[in-house]
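# A structural walkthrough
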Amino acid sequence: MSDVKQQIFQELATLDDAVARLRSTAANAGRQTDLEVAILTEQVRGLREKNARATEMINQSISILKNLK
């Protein structure tokens with residue numbers, strides 16, 4: 001009977017270790033996802049700024065071309 005109890009406790013300990021590893025993996029994945037979102041947000045912000053500057057330059061170029069006609 002004690003062998004069965006010992007085996008159950010060993011299996012529970014193994015299961016507990018697996019759960020701890022899975023929780024750690026999930027937490028790390030969440031942090032990585034947050035970092036990726038932050039990086040992408042910053043990249044989008046930069047692209048929007050460049051797009052706004054490019055639009056302004058295009059508008060100025062069109063204005064100059066109209067004045068040259």
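This paragraph deals with the overall build of the protein. Regarding its fold elements, the protein presents one helix and zero strands. Here the C-alpha atoms of the protein give a radius of gyration of 30 Å, more than 25% beyond the 11 Å that 2.2 N^0.38 yields for 69 residues. Relative to its full complement of 69 residues, the protein shows a buried share of 0%. Working note: accessible area of the protein is about 6600 Å², and carbon and sulfur atoms make up 60% of it.

Judged by side-chain polarity, Val4, Ile8, Phe9, Leu12, Leu15 and Val19 come together as a nonpolar surface patch covering roughly 550 Å² of accessible area. Looking at where Phe9 falls in the secondary structure, it is placed in helix α1 (residues 2-68). Assessed through its relative accessible area of 54%, Phe9 is described here as exposed.

Reading the values: rules and limits
- Residues numbered from 1 in each chain as written.
- Predicted model: local features only at pLDDT ≥ 70, side-chain atom pairs only at ≥ 80, totals over all residues.
- Heavy atoms only, no water.
- Helix = DSSP H or I, 4+ residues; strand = E, 2+ residues; numbered from the N terminus.
- Rg over C-alpha atoms; globule rule 2.2 N^0.38 Å.
- Buried < 20%, exposed > 50% of the residue type's maximum accessible area, 1.4 Å probe, protein only.
- Areas by Shrake-Rupley, 256 points an atom, 1.4 Å probe, with all protein chains shown as cover.
- Patch = residues over 30% accessible without salt bridge, like charges linked within 9 Å, V, L, I, M, F, W, Y side chains within 5 Å.
- Salt bridge = Lys/Arg side-chain N within 4 Å of Asp/Glu carboxyl O.

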